[in-house]
Amino acid sequence: MTVCYDLRFPELYQNLTFKQNAQILLVPAAFTKTTGEAHWEILLRARAIETQCYVARVPSSWASLLA
């Protein structure tokens, strides 16, 4: 599991996928509607394409359940 800021660093996701064999990546975030549409969706898709891995976005209200 990573956090929304980590989406800006593709190397992290490539390491998780190719070196640590992750198959599903969980990314909790607390973006506003406008910011989410402008950044979050695009970055999530980019990480999924680069790693050929499932990327699950988790609303911030659910993040406390995963801790």
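With an unreviewed UniProt entry as reference, the chain is termed CN hydrolase domain-containing protein, source organism Riccia sorocarpa.

Student: Help me understand the overall build of the chain, please; the structure alone is not making it clear to me.
Tutor: If you tally the helices and strands in the chain, you get 3 helices and 2 strands. In the chain, the succession of α and β elements from N to C terminus is α-β-α-β-α. The contacts of the chain with a sequence gap of at least 6 include a subset with a gap of at least 24, amounting to 65%.

Student: What exactly am I supposed to notice about the pattern of salt bridges here?
Tutor: Opposite charge on two side chains permits pairing when their charged atoms draw close. Under the definition given, this model contains 2 salt bridges. Residue Arg57 is joined to Glu41 by a salt bridge in which the shortest nitrogen-to-oxygen separation is 1.9 Å. With a gap of 16 residues between them, Arg57 in strand S2 (residues 54-59) and Glu41 in helix H2 (residues 33-51) connect regions that are remote in the sequence. The partner of Arg47 in a salt bridge is Glu50, with the nearest N and O atoms 2.8 Å apart.

Student: What is the right way to look at a nonpolar patch on the surface in this model?
Tutor: Taken together, the side chains of Val3, Tyr5, Phe9 and Leu12 make up a nonpolar region of the molecular surface, amounting to roughly 350 Å² of accessible area. Of note, Tyr5 is situated in the segment before helix H1 (10-19). Relative accessible area serves as the criterion here: at 48%, Tyr5 is assigned to the partly exposed category.

How each quantity is defined
By convention here, each chain's residues receive numbers from 1 onward along its written sequence. In keeping with the predicted nature of the model, local features appear solely for residues at pLDDT of at least 70, side-chain atom pairs appear and are counted solely at 80 or more, and the whole-chain, interface and lining totals rest on all residues. With hydrogens and water set aside, each side-chain value is computed from the structure's full complement of heavy atoms. By definition, any uninterrupted DSSP run of H or I lasting at least four residues is a helix, any uninterrupted run of E lasting at least two residues is a strand, and each is numbered from the N terminus. Should any heavy atoms of two residues lie within 4.5 Å, those residues are counted as being in contact. Each reported salt bridge corresponds to a side-chain nitrogen of Lys or Arg within 4 Å of a carboxyl oxygen of Asp or Glu. Surface patches are drawn from residues lacking salt bridges whose relative accessible area is over 30%; two like charges belong together within 9 Å, two nonpolar side chains (Val, Leu, Ile, Met, Phe, Trp, Tyr) within 5 Å. Accessible surface area values rest on a Shrake-Rupley calculation with a 1.4 Å probe, where residue burial reflects the displayed protein chains alone. The rule is simple: take the accessible area with a 1.4 Å probe, protein chains only, and divide by the maximum for that residue type; under 20% is buried, over 50% is exposed, in between is partly exposed.

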